[in-house]
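Okay, here's what each chain looks like letter by letter:
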Amino acid sequence: MSSERDSETTFEEDSQPNDEVVPYSDDETEDELEDQGAAVEPEQNRVNREAEENRETFRKENGRCCPQQYTNFMLDGLLFSFFLKDCTWQVKANDRSFHEQPQFMNTKFFCIKESKYASNAIKTYKYNAFTFLPMNLFEQFKRAANFYFLVLLILQAIPQITTLAWYTTLVPLLLVLGITAIKDLVDDVARHKMDNEINNRTCEVIKDGRFKIAKWKEIQVGDVIRLKKNDFIPADTLLLSSSEPNSLCYVETAELDGETNLKFKMALEITHQCLQRENSLAAFDGLKSFMCEYLCESYFSEGFVECEEPNNRLDKFTGTLFWRNTSFPLDADKILLRGCVIRNTDFCHGLVIFAGADTKIMKNSGKTRFKRTKIDYLMNYMVYTIFVVLILLSAGLAIGHAYWEAQVGNYSWYLYDGEDFTPSYRGFLNFWGYIIVLNTMVPISLYVSVEVIRLGQSYFINWDLQMYYPEKDTPAKARTTTLNEQLGQIHYIFSDKTGTLTQNIMTFKKCCINGQIYGDHRDASQNNHSKTEQVDFSWNTFADGKLAFYDHYLIEQIQSGKESEVRQFFFLLAVCHTVMVDRIDGQLNYQAASPDEGALVSAARNFGFAFLARTQNTITISELGTERTYSVLAILDFNSDRKRMSIIVRTPEGNIRLYCKGADTVIYERLHQMNPTKQETQDALDIFASETLRTLCLCYKEIEEKEFEEWNKKFMAASIASTNRDEALDKVYEEIEKDLILLGATAIEDKLQDGVPETISKLAKADIKIWVLTGDKKETAENIGFACELLTEDMTICYGEDINALLHTRMENQRNRGGVYAKFVPPVHEPFFPPGESRALIITGSWLNEILLEKKTKRSKILKLKFPRTEEERRMRTQSKRRLEARKEQRQKNFVDLACECSAVICCRVTPKQKAMVVDLVKRYKKAITLAIGDGANDVNMIKTAHIGVGISGQEGMQAVMSSDYSFAQFRYLQRLLLVHGRWSYIRMCKFLRYFFYKNFAFTLVHFWYSFFNGYSAQTAYEDWFITLYNVLYSSLPVLLMGLLDQDVSDKLSLRFPGLYIVGQRDLLFNYKRFFVSLVHGILTSMVLFFIPLGAYLQTVGQDGEAPSDYQSFAVTIASALIITVNFQIGLDTSYWTFVNAFSIFGSIALYFGIMFDFHSAGIHVLFPSAFQFTGTASNALRQPYIWLTIILTVAVCLLPVVAIRFLSMTIWPSESDKDERYWI
């Protein structure tokens, strides 16, 4: 047994999880780790080595050659395949013919080929004038319901089958198809207009040696373009130069990520210096002397780029520019993306890299995963059930007709129709006849009506002024129309912390420098005071006056200069960042990528170390009034894996220093062993975390000139690697970021948003569980949990080690019970905790991986098993893998069961991938409806994974909003979205569906009862035009208005009594039980509608002595009773009466009688004698009081039992809404 367990353990078990460590990279998978070789030569090194060998061989064999030889060689297309054979995307400046070479052509259709480089014309429309009708009809008939009615229409064209006029199906089908087609046409016409507008925009392009005006659709890859201030960028373009110093270019990326703050791009220094004038840009092609270092002893002057293939990663780009015999690394900071706008820059020049459909914005415009609601799936299953019932009814009635033909029809000479068909064949024909007659059981207008209701509910969310945030002019927005009713069924909410529960408006509050904490209320003599005045920053000309700070002792330390570490601390904040600065009315204005970075740079500015300007190679700082410019030697970028950023600068005195800031976990791993304030700083970090402050550690390092030169060579080599550049750079960064000297730590405050505790409390009363998923430290997350009242003092908190022990015990018990007879024993749900005690779970990302068996396998190949050589080894390997998967799945299920027993769950130090994984686990094992809410790009994966995603339009851009289904500005609006709009939408949709099915059953099943009196001959009980217009006009408007406007209680009561929300979570208002109740109700109503008029018509005589019991009068009586019944029934189902509802109900009844009298008039019969055959029936039948009494009796028998049952249920078994409404009254 132990050996089996050992063989199953392939995860790292050499150390306990570290609560402070953020887990592995999200981009790294277990398979990737397993597939890495022990010592594999980097691909780029191999390519470079082979290229050098080929160059040497070429030189030895050919010696020096003349320009003509070189030109012939290049024109043969061999040069690039010879030297750059592993490059996948190659761009040559000012040479369109280069991109049309055979090696760049792809086969499109048979022998038709086209270039792999897309043109810049975009096409987002789906149809044109010729393809609209066939393509749209094809798409619509791919829907099962539309195709079903098309088949019915074809069957109705067969005389031997149909007893129903063809227009009874055609008119509703055309109406549904027409509404959908008009909607699609309007959308596509708008796309056409937008495409034409965009494709016909103009910009300047180098043609024939000078800039000329060209349309966007004429731009091609390799073109050099000029853009001016406020121009949209037409394609993904490499920035070559601009009018700004050092060729900076400011862009607005609102169309990409929704962010309105400006971002900067910066050209290479070489292109900035050499490509400013028109003639130099036009000569940027190098056709004269490419690669002539070896051939003609001149420079490599060709503008040639090799880079990654087109992709949708907006924040990444890897490429290399080859120019003047030198390779220059390219990254995302040098690329202008299509869709952005040039701001604050008079003009700029660029080289088109990706065009049209290959641009990143177009790559991101692909189809998103379509989300469907629980009611959608249930509704589809019910339609399938109705279809099965239809088949069974038609088959039974067809058998009845065959029997009737054999017993009666064949012996009744007056029924002979001239056809000598056998009874069984007539029964077969009648089967299809009844499929046609009873087709209204499958409602054709159901799906269109549902979409109309959802669209209206979405507008109500958009128009809700109580979810409007005036401070930022941000309304609530329903970004989808398909999920509204699911808002009323949420079980679990997964929330980010920063910017979602908190404001994400960062304020510098405290800091720890050289082991000393600063930020308390104290004077310059270090005496603490409860009421200390704010620090006066008037001595600093660059202070912005926005920082509220009360520790005068820190100002004394800065000004006195007694501790050099204090000044060094704030200098680091002023120099180590990616903030851009401009001046507005003489005042410094910072543009920061994140609120944290902006707060730190602003704090340094107020304390006397103001960041003034930056170029490609320098950064200028005002140090207590003295301006100093530092040379920037390297910037080691921040990313979610590194959790730190570094900058290497050369001081005016010539010294080289590295400054680094980052998360405490990654900084402490890289500190020098001799750091005297290490423990004091750690204690300060713990104190800051207990006060819910966000922390960063600061450190520096002196670098020798020789050490830097050696490192810089590796850095430059890694910067131009064409493959695995990020990995190569990370490895180089690690070499220099070590033996650091700790300066201290910063503490930034991020306050809770207004109304967060109240919202969480109300959602908890609605039995909605809230899980917080954050990347913050455990202490910070825990204290925020208490601050927002997610955690309370009476809760018992369980941590990772506690959970791991409980799960280990449970796994052992399950393993012991998993013997031979395990499959015969029903599973028993055993709770992890005793009942009656409130518990909360706080778990870190490292423990989460440990518990869920998601830890990465070791990179070491020592334990790597060999490939199986025999069938037995392969079988054992497969069985072992299956056991591992089963163990992992059982462990994950146990964790979800345990976590769901807790009142609150907080997952801290988790990556974006782990956030999505937690959401997926709850979806998979609890089958619960989930909602994820966040505000940043790190929440996008979680938002897309949940059933419903909500984006907060906060301080971190709009990535979360753009990926969400609903968006608003504040977390507190979530309670109104769920408890009011979600609950109303659910109730309205459930009422609509129940009533819709009921009215169609009541209408259609009258034909079934009529069959017993017409020899099962598939004759209809109604006039053909009544069948045509029943669902279209006579009963459509009231049910639509109920689905849009009905309310069981007001919005105030919905918020005051959150317990009303539970009906949606438990699916109490629409399920199979409710469906069969509607079915039975429809059956009983149809029986009453048929048999009471039938009994009344037997042996009757009218006032004029004539019998009114003809078929046509009978059909009018049933139809009139049906219309009044179903419209009054919806009146009984309506909880919230308005003039509109009343008008729709009585208006539908009046419309029915008005149309019926018109269709039964002699005038229309004269015009269309074959289509209108009930001439005079309405006027003759409805002038008889006997008929009206029959209609009134029928309606009363249908409705009075319903009224009685409703009264008894509200009196004896009232619902929660009935109780609360009665309590409120």
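Residues numbered from 1 in each chain as written. Predicted model: local features only at pLDDT ≥ 70, side-chain atom pairs only at ≥ 80, totals over all residues. Heavy atoms only, no water.

Caption draft 1: The overall build of the protein chain, seen in detail. Within the protein chain one finds 42 helices and 35 strands. A buried classification covers 52% of the 1225 residues belonging to the protein chain. Considering only contacts in the protein chain between residues 6 or more positions apart, those separated by 24 or more positions represent 74%. Carbon and sulfur atoms form 56% of the exposed surface of the protein chain, whose accessible area is close to 57000 Å². (Helix = DSSP H or I, 4+ residues; strand = E, 2+ residues; numbered from the N terminus. Buried < 20%, exposed > 50% of the residue type's maximum accessible area, 1.4 Å probe, protein only. Contact = heavy atoms within 4.5 Å. Areas by Shrake-Rupley, 256 points an atom, 1.4 Å probe, with all protein chains shown as cover.)

Caption draft 2: Focus on helix 14 (residues 423-437). Taking 1.5 Å per residue as the helical rise, helix 14 with its 15 residues ought to reach 21 Å, and the 20 Å between its terminal C-alpha atoms agrees with that figure. Turning to helix 14, its buried residues number three or more, namely R426, G427, L429, N430, F431, G433, Y434, I435, I436 and V437. Turning to helix 14, the residues buried within the fold contact helix 7 (144-156), helix 13 (374-407) and helix 31 (973-1011). (Expected span 1.5 Å × (residues − 1).)

Caption draft 3: The arrangement of the sheet that holds strand 17 (residues 492-495) in detail. One open sheet accounts for nine strands, arranged 16-35-34-33-17-29-32-31-30; its pairing is mixed. Each edge of the open sheet carries a strand with a single partner, namely strand 16 (477-478) and strand 30 (796-798). Two elements, strand 33 (residues 930-934) and strand 34 (residues 948-952), share four bridges in a ladder whose sense is parallel. When the bridges of strand 34 are listed, I933 appears paired with V950. (Pairing = 2+ DSSP bridges.)

Caption draft 4: Local environment of a negative patch on the surface. Where like charges cluster on the molecular surface, the negative patch consists of E471, D754, E758 and E789. Its location among the elements puts D754 in the loop between strand 28 (741-749) and helix 23 (756-765). By relative accessible area, D754 is classed as exposed at 51%. (Patch = residues over 30% accessible without salt bridge, like charges linked within 9 Å, V, L, I, M, F, W, Y side chains within 5 Å. Salt bridge = Lys/Arg side-chain N within 4 Å of Asp/Glu carboxyl O. Lys, Arg positive; Asp, Glu negative; His and termini not counted. Charge placed at Lys NZ, Arg CZ, Asp CG, Glu CD.)

Caption draft 5: How the structure looks around the environment of L763. Note that L763 resides in helix 23. Counting along the chain gives 296 residues from L763 to G1059, while the straight-line C-alpha distance between them is 9.2 Å. Here L763 is in contact with I493, I768, I770, L974, Q975, L978 and L979, once residues within four sequence places are set aside.

Caption draft 6: Geometry of the pairing of strand 22 (residues 609-614). Across the six residues of strand 22, five count as buried, placing the element largely inside the fold. If you look at the hairpin formed by strand 22 and strand 23 (residues 618-623), you'll find three residues sitting between the two strands.

Caption draft 7: Region of interest: the sheet that holds strand 25 (residues 644-650). Taken in spatial order, the nine strands make up an open sheet running 19-18-28-27-26-25-24-23-22, and their pairing is antiparallel. Only two strands of the sheet have a single partner each, and these edge strands are strand 19 (516-518) and strand 22. Ignoring which end each strand starts from, the neighbouring axes of this sheet average 30° apart. Lying on the sheet, helix 17 (residues 564-575) is in contact with strand 18 (507-513), strand 19, strand 22, strand 23, strand 24 (626-636), strand 25, strand 26 (656-662), strand 27 (693-703) and strand 28; it crosses strand 28 at an angle near 65°. Running at roughly 10° to strand 28, helix 20 (residues 678-690) makes contact with strand 18, strand 19, strand 27 and strand 28 of the sheet. (Axes fitted to C-alpha atoms, helices over the stretch in contact; angles between N-to-C directions.)

Caption draft 8: Just the side chain of R605, in detail. In this structure, R605 sits in helix 18 (residues 595-606). Of the buried charged residues, R605 lacks a salt bridge, with D544 as the closest side chain of opposite charge at 4.5 Å. Among residues more than four places away in sequence, those in contact with R605 are N540, F542, D544, Q587, L588, Y590 and A610.

Caption draft 9: Molecular detail of the nonpolar core. Counting residues in each nonpolar core, the largest one holds 104 residues, and the members touching the most others are L446, F992, L993, F997, Y1022, F1026 and L1122. The element best represented in this core is helix 31, accounting for 18 residues. Excluding residues that lie within four positions of it along the chain, L1122 makes contacts with A1002, F1003, Y1022, F1026, Y1030 and L1089. In terms of nonpolar packing, the next biggest core, distinct from the first, is built from 56 residues, A214, F304, L351 and M362 among them. (Core = buried A, V, L, I, M, F, W, Y, C linked by side-chain atoms within 4.5 Å.)

Caption draft 10: How the structure looks around helix 16 (residues 552-560). Turning to helix 16, its buried residues number three or more, namely Y553, L554, I555, Q557 and I558. For helix 16, the secondary structure elements touched by its buried residues are strand 18, strand 19, helix 17 and strand 22. A side-chain oxygen of the first residue of helix 16 lies 3.1 Å from the backbone nitrogen of Y553; this N-cap is D551. Backbone geometry just after helix 16 places G561 at a positive phi near 70°. (Polar contact = N/O pair within 3.5 Å; in protein donor to acceptor, adjacent residues only side chain to side chain.)

Caption draft 11: Inspection of the side chain of T681 at higher detail. Tracing the backbone through its elements, the reader meets T681 in helix 20. A polar side-chain atom of T681 sits 2.7 Å from the main-chain carbonyl oxygen of T677. Each residue touching T681, except ones within four places of it in the same chain, is listed here: C512, G515, Y668, L742, G744 and A745.

Caption draft 12: Fine view of the packing of aromatic side chains. With the rule as written, the count across this model stands at 68 aromatic pairs. Ring centres of Y148 and F387 lie 5.5 Å apart, and the angle between their planes is 85°; on these two criteria the pair is classed as edge-to-face. Of this pair, Y148 sits in helix 7 while F387 sits in helix 13, and the two are 239 residues apart along the sequence. Where Y995 meets Y998, the ring centres are 6.0 Å apart and the plane angle is 50°; that geometry is what we call tilted. Within this pair, Y995 and its partner Y998 are both found in helix 31, separated by three residues, close to a single helical turn. (Phe/Tyr/Trp six-rings, centres within 6.5 Å; stacked < 30°, edge-to-face > 60°.)

Caption draft 13: Structural view of a nonpolar patch on the surface. A surface patch of nonpolar side chains, amounting to about 540 Å² of accessible area, comprises F1012, F1013, V1080, L1084, M1087 and F1091. Along the chain, V1080 turns up in helix 36 (residues 1072-1097).

Caption draft 14: Local environment of the UniProt feature "active site" (unreviewed entry) in the protein chain. Cross-referencing UniProt, the feature "active site" (unreviewed entry) maps to D496 in the present numbering. By the element assignment, D496 lies in the loop between strand 17 and strand 18. Residue class for D496 comes out buried when judged on its relative accessible area of 4%. When sequence neighbours within four positions are dropped, the list of residues in contact with D496 reads L501, L773, T774, K915, I933, G934, D935, D939 and M942. One polar contact links D496 to K915, side chain to side chain, over a distance of 3.3 Å. (UniProt positions renumbered as here; feature names shortened; annotations may be inferred.)

Caption draft 15: Quick look at the pattern of salt bridges. As enumerated under the stated definition, the model contains 48 salt bridges in all. Where E737 meets R644, a salt bridge forms, and the shortest distance between an N and an O atom there is 2.8 Å. Note that E737 is positioned in the loop between helix 22 (725-736) and strand 28 and R644 in strand 25, a separation of 93 residues in sequence. One salt bridge in this structure joins K926 and D897, with 3.5 Å as the shortest N-O distance. Here K926, found in helix 28 (residues 912-926), pairs with D897, found in helix 27 (residues 871-900); they are 29 residues apart in sequence, far enough to count as distant. Each of R642, R644, E669, R670, E734 and E737 takes part in salt bridges that share partners, so that together they form one network.

Caption draft 16: Layout of unusual backbone geometry. Positioned with a positive phi, N344 is a non-glycine residue whose angle comes to about 55°. Structurally, the position occupied by N344 is in the loop between strand 14 (341-343) and strand 15 (347-354). When its relative accessible area of 36% is taken as the criterion, N344 is described as partly exposed. One non-glycine residue with positive phi stands out, namely Y1016, at about 55°. Position of Y1016 relative to the elements: it lies in the loop between helix 31 and helix 32 (1024-1034).

Caption draft 17: Expanded view of the packing of helix 31 against helix 32. The interhelical angle for the contact between helix 31 and helix 32, taken along N-to-C directions, is 170°, at an axis separation of 11 Å. The angle between helix 31 and helix 32 places the two elements in the roughly antiparallel class. On helix 32, the residues that touch K999, N1000, F1003 and H1007 of helix 31 are F1026, I1027, Y1030 and N1031. Of the residues in the contact of helix 31 with helix 32, the class split is four nonpolar, three polar and one charged. (Parallel < 35°, antiparallel > 145°, perpendicular 65-115°, else oblique. Nonpolar A, V, L, I, M, F, W, Y, C, P; charged D, E, K, R; others polar.)

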